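Each chain is listed here by its residues.
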Amino acid sequence: MELQGTVKKLFETQTFASGFQKRELVILTQEQYPQPINIEFLSDKINLLDNLSEGENVKIGINIRGREWVSPQGETKYFNSITGWRVEKVLDNGSEPTQAAPSQSASPVSNENPFAGDDDDDLPF
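Residues numbered from 1 in each chain as written. Predicted model: local features only at pLDDT ≥ 70, side-chain atom pairs only at ≥ 80, totals over all residues. Heavy atoms only, no water.

In the annotation of an unreviewed UniProt entry, the chain is listed under the name DUF3127 domain-containing protein and assigned to Chryseobacterium wanjuense.

Rendered as structure tokens:
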């Protein structure tokens with residue numbers, strides 16, 4: 001899956017006691033009702049954010065992950081996370097995507113009946 005938007009916030013890398021690292025990014029989607037979406041980059045993918053700045057337009061390849069957690073009281077809860085694995089900068093040239101013009105057919109379209117001159121009716125019925 002992919003998300004596209006403007007980089008709203010870049011966070012610093014977090015390192016945990018186990019040595020695990022993650023870095024988060026928030027993008028603001030570009031739709032009728034823009035959404036701030038938090039995306040985490042894990043371990044070897046955190047360096048993908050090194051050359052990004054807030055305000056840049058990006059397209060991010062994502063995976064949606066879910067996990068189940070059972071509390072000590074026996075209550076089951078579910079959590080989702082969005083994990084990034086690819087980042088592309090998108091050039092903002094300020095123009096709308098263009099559509100290809102319909103192609104012209106090689107031969108002109110004729111409205112004449114192609115069988116109009118056939119007086120020779122050899123059908124058996």
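(A) A look at the packing of aromatic side chains. All told, the structure shown has 1 aromatic pair when counted by the stated rule. The residue whose ring lies beneath K9 is F11, and the NZ or CZ to ring-centre distance is 5.6 Å. (Phe/Tyr/Trp six-rings, centres within 6.5 Å; stacked < 30°, edge-to-face > 60°. Lys NZ or Arg CZ within 6 Å of the ring centre and 35° of its normal.)

(B) The arrangement of the environment of T83 in detail. With respect to the helices and strands, the residue T83 is situated in strand β6 (residues 76-89). Judged by relative accessible area, which is 6%, T83 ranks as buried. In this structure, the C-alpha to C-alpha distance between T83 and E24, residues 59 residues apart in sequence, is 9.2 Å. Among residues more than four places away in sequence, those in contact with T83 are I39, E40, L42, G61, I62, N63 and R65. (Helix = DSSP H or I, 4+ residues; strand = E, 2+ residues; numbered from the N terminus. Buried < 20%, exposed > 50% of the residue type's maximum accessible area, 1.4 Å probe, protein only. Contact = heavy atoms within 4.5 Å.)

(C) Summary view of the side chain of K22. Within the secondary structure layout, K22 lies in strand β3 (residues 21-29). A polar atom in the side chain of K22 sits 3.4 Å from the side chain of E24. With sequence-adjacent residues up to four places away left out, K22 is seen in contact with E12, T13, Q14, F16, E40, F41, L42 and I46. (Polar contact = N/O pair within 3.5 Å; in protein donor to acceptor, adjacent residues only side chain to side chain.)

(D) Region of the structure containing unusual backbone geometry. One non-glycine residue, S43, lies in positive phi territory at about 45°. When you line up the elements, S43 lands in the loop between β4 (36-42) and β5 (57-70). Assessed through its relative accessible area of 38%, S43 is described here as partly exposed.

(E) View of the confidence of the model for the chain. For the chain, per-residue confidence averages 84 on the pLDDT scale, and 73% of positions sit at 70 or higher. Across residues 94-107 the pLDDT falls below 50, and counting only partners more than four positions away or on other chains, this stretch makes 0 contacts in the model. (pLDDT = per-residue confidence, 0-100.)

(F) Here's a closer look at the pattern of salt bridges. One pass over the structure, following the stated rule, counts 6 salt bridges. Its salt-bridge partner being R23, residue D50 comes within 3.5 Å of it at the nearest N-O pair. With a gap of 27 residues between them, D50 in the loop between β4 and β5 and R23 in strand β3 connect regions that are remote in the sequence. D50 sits in the exposed class, given a relative accessible area of 52%. In this structure, the salt-bridge partner of E56 is K89, at a minimum N-O distance of 3.2 Å. Placement of the pair is E56 in the loop between β4 and β5 and K89 in strand β6, with a sequence separation of 33 residues. (Salt bridge = Lys/Arg side-chain N within 4 Å of Asp/Glu carboxyl O.)

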